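# Structural overview for review
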Amino acid sequence: MFFRKKEKKTSSSSEMGRVINRFKKNHLAVLGLIIVVLIIMATIIGPFFSPYPPGKQNFEVLLAPPSAEHLMGTDSLGRDVFSRIIFGARYTMLIGVGVVAVVAFVGTVLGLIAGYYGGKIDFVLMRLVDMLLSIPALVLALGIAGALGGGLINMIVAIGAVGWTQFARLVRGEVLSIKNNDYVTAARALGGRNSRIIIRHIIPNIIAPMIVFTTLYIPSAILWAAALSFLGLGVQPPTPEWGALIAEGRGFIHFAWWISTFPGLAIMITVLGFNFMGDGLRDAFDPKMGKEL
Amino acid sequence: MLQYIIKRFLMVIPIIIGVTIIVFALMHVTGDPIALMFGPGVSSEMVAQRRAELGLDRPLIQQYFSWLGNAVTGDLGRSIRTGDSVASMIQDRIGATLELTVIALLITLLVSVPAGIVSAVKKYTIFDHLSRIFAMLWVSMPMFWLGLILILFFGVFWQVLPVSGRHGPLWTGAGFLSFIMPSLTLGLPPAALFMRLIRSSMIDVFNEDYIRTARSKGLGENIIVYKHALRNAILPVVTLLGMRIPWLFGGSVITETVFSWPGMGRLLVDSILKRDYPIVQGIVLIIAILVIFFNLVVDLLYGYIDPRIRYD
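The structure presented is a predicted model; accordingly, all values stated were derived computationally and were not measured.

### Things to note about the overall build of chain B
Helices and strands together make up the secondary structure of chain B, namely 12 helices and zero strands. Written out in order from the N terminus, the α and β elements of chain B read α-α-α-α-α-α-α-α-α-α-α-α. Across its three principal directions, the C-alpha atoms of chain B cover 85 × 55 × 35 Å. Looking at chain B as a whole, 35% of its 312 residues qualify as buried. Nonlocal contacts in chain B, meaning residues at least 24 apart in sequence, comprise 72% of its contacts between residues at least 6 apart.

Right under this line is the structure:
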């Protein structure tokens, strides 16, 4: 009710303006946006502010607890944990964005094809999705990452290869719900080619759920990547990726709690930021949109 | 009912065959396990000889069908490193994994159902807000990190629980203590999702006509909440349960690694790292079968909870 009244005042503004207005009223969403912006800043200008180079070893301060000189302590080689976390942000962001790019591209193309053309190709694609979903995603990603061999790019491919299924299902569902609308039928009656109908009429109408899903998928991608690195099948040490940092600290947990604790907090805050922002976007685009994406 | 179960099983067969093809392709298309096993500096004759022994020089299709034929009879091949039977290796470990996943699932439900109900009944109170904030924090946490934090507090700072391993069956004192942290690590993160779903689905049900009818005829609030509302609100939860089962087995891989739990998951990670592909194929196949089986159980559970659902 409250929103409606406000909206009437700004009824002249565009649809996008309304979305932004709704987003701005959601405090958690704005908090999420701030967190995400801070993390992005850390990836770009963070290295200029980091107190030490991430790989610099200092054997005089091995496993030093947090102090004024080393805010988050040092690890077993005397490297500054805080600096390593700042440098690690770029890997986490790269993985999150990279995975989502792969997932969104593959999922959109296959989902569009399955939903728009239907028939046999839809049946085959959806059975493939069923099969992939009956293997736990993490197990499958582990298998692919193991088969390809570790490393950043292979990890992105492995997680992307597993994650597209949900995206394809979502896009397919959206396409099915709009492909029989009058404007699509009209375009077809006017003799529009399939490719033109898909680009001009279908895609613009599924862009909102896609943006929401993409934002809500980044946290999953980050968590999966951290898990793969932790298990030794993702980014390898000494790269300061956060999951790998936690794995490095695991052996020292009995006498140096800070090595594993802080990178974990960094992951949690980042994921929280994306979750808040994604929830806010979902509510802003369409308050009625399903809560369980 | 029996007909439905049989039909479901028949439908599952193509999926399982598809899964075996995916698993087999994964392990064979990329990389040569034998070369990795011997490392550099080994003569190519030796590698070729070992490949011939293992039948790796045959065409892939032939290899696949002989593997599948053996798998049907319960023979999953032998480890290429130790020569042990994969089936018996899995047999030794599957119990530990199942114990862990089932207890974790119970923890998920024991935490989320009461919390979700209370949140819905007392919506917009402090309890509701706090539990939603906690839920948000839980889902944002890497699971292995939660395990490490539990180890840090209960194992290192307070030293009340063992930090790794399974110290006997659940019903013994030491065994019970060793179960606590792994099952919390696996059970708590999904509890957040379940809690949120139960809350929203209870709130939806509270707006239904039959709840108003129940209230207007003077039924006690407890009967309304537990007998009328909960039973209807629990259906989406069962759906989510089915969707989360693959996740549970994926999570057990991580949990078992963090706590050195003697289950299939840890064996899987070790085998992937060492490219011991017969073990990987065997475990992934078993996990896929377990997922499909549990999903069938969830499907049957629907009919038990909601008598309106008929199987035909």
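### Thoughts on the overall build of chain A
Summing up its helical and strand segments, chain A has 12 helices and zero strands in all. What you see in chain A, going N to C, is helices and strands ordered as α-α-α-α-α-α-α-α-α-α-α-α. Dimensions along the principal axes, computed over C-alpha positions, put chain A at roughly 75 × 50 × 30 Å. Among the 293 residues that make up chain A, the fraction classed as buried is 46%. Excluding contacts between residues fewer than 6 apart, the proportion of contacts in chain A whose partners are at least 24 apart in sequence is 70%.

### Concerning the interface of chain B and chain A
In this assembly, 36 residues from chain B lie in contact with 37 residues from chain A. Counting only elements with at least two residues in the side of chain B that touches chain A, the list comes to α1 (2–29), α7 (143–157), α10 (221–258), α11 (264–274) and α12 (277–305) of chain B. The dominant element in the side of chain B that touches chain A, judged by the number of residues it contributes, is α10(B), at seven residues. Here the residues of the side of chain B that touches chain A sort into 29 nonpolar, seven polar and no charged.

### What about helix α11 (residues 242–250) of chain A?
Burial runs high along α11(A): eight of the nine residues are buried. Where α11(A) is concerned, the buried positions are A:Trp242, A:Gly243, A:Ala244, A:Leu245, A:Ile246, A:Ala247, A:Glu248 and A:Gly249. Buried residues in α11(A) make contact with α5 (81–117), α10 (194–230) and α12 (258–285) of chain A together with α7 of chain B.

### Quick notes on the environment of B:Tyr302
Position of B:Tyr302 among the secondary structure elements: in helix α12. The sequence separation of B:Tyr302 and B:Val238 amounts to 64 residues, and the corresponding C-alpha distance is 7.2 Å.

### Digging into the confidence of the model for chain B
Note that predicted coordinates carrying low pLDDT should not be read in detail. Mean pLDDT for chain B: 85, with 95% of residues reaching 70 or above. Across the interface, the model reports ipTM at 0.85; the global pTM reads 0.86.

### Focus: the packing of α10(B) against α11(B)
All names here are of chain B. Relative orientation of the contacting elements α10 and α11 amounts to 85°, with a least axis distance of 7 Å. By the angle between their axes, α10 is roughly perpendicular relative to α11. Here Ser-252, Val-253, Glu-256 and Thr-257 of α10 come into contact with α11, specifically with Gly-265, Arg-266, Leu-268 and Val-269. By residue class, the composition of the contact of α10 with α11 is three nonpolar, three polar and two charged.

### Let's talk about the confidence of the model for chain A
Here chain A averages 85 in pLDDT, while 93% of its residues score no lower than 70. Predicted confidence for residues 1–12 of chain A stays below pLDDT 50, and this span has four contacts to residues more than four positions away or in other chains.

### Remarks on the packing of helix α3 (residues 27–44) of chain A against α12(A)
Residues and elements named next belong to chain A. Packing of α3 against α12 brings their axes to within 7 Å, and their N-to-C directions diverge by 135°. When the axes of α3 and α12 are compared, the pair comes out oblique. The two elements α3 and α12 cross, and the hand of that crossing is left-handed. In this structure, α3 contributes Leu-28, Ala-29, Leu-31, Gly-32, Leu-33, Ile-35, Val-36 and Ile-39 to the contact, and α12 contributes Ile-269, Thr-270, Leu-272, Gly-273, Phe-274, Asn-275, Phe-276, Met-277, Asp-279 and Gly-280. Partitioned by chemical class, the residues of the contact of α3 with α12 number 12 nonpolar, five polar and one charged.

### So, unusual backbone geometry
With a phi angle near 50°, A:Leu63 is a residue other than glycine that sits in the positive phi range. Following the sequence through the fold, A:Leu63 ends up in the loop between α4 (46–49) and α5. The phi dihedral of B:Ser260 falls on the positive side, at around 45°, and the residue is not glycine. Assignment of secondary structure puts B:Ser260 in the loop between α10 and α11.

### Description of the environment of B:Thr108
All names here are of chain B. Residue position: Thr-108 is located in helix α5 (residues 86–121). Counting along the chain gives 79 residues from Thr-108 to Gly-187, while the straight-line C-alpha distance between them is 4.8 Å. Excluding residues within four positions of it along the chain, Thr-108 makes contact with Gly-187, Pro-190, Ala-191 and Phe-194.

### Describing the environment of B:Thr82
Residues and elements named next belong to chain B. With respect to the helices, strands and loops of the structure, Thr-82 is situated in the loop between α4 (60–72) and α5. Residue classification places Thr-82 among the exposed positions, given that 10 C-beta atoms sit within 10 Å. The sequence separation of Thr-82 and Asp-276 amounts to 194 residues, and the corresponding C-alpha distance is 9.4 Å.

Quick notes on the rules
Residues numbered from 1 in each chain as written. Chains lettered and ligands numbered in written order. Predicted model: local features only at pLDDT ≥ 70, side-chain atom pairs only at ≥ 80, totals over all residues. Helix = DSSP H or I, 4+ residues; strand = E, 2+ residues; numbered from the N terminus. Buried ≥ 20, exposed ≤ 12 C-beta atoms within 10 Å, placed from the backbone. Contact = placed C-beta atoms within 7 Å. Nonpolar A, V, L, I, M, F, W, Y, C, P; charged D, E, K, R; others polar. pLDDT = per-residue confidence, 0-100. Axes fitted to C-alpha atoms, helices over the stretch in contact; angles between N-to-C directions. Parallel < 35°, antiparallel > 145°, perpendicular 65-115°, else oblique. Left-handed = near helix turned anticlockwise from the far one by under 90°.

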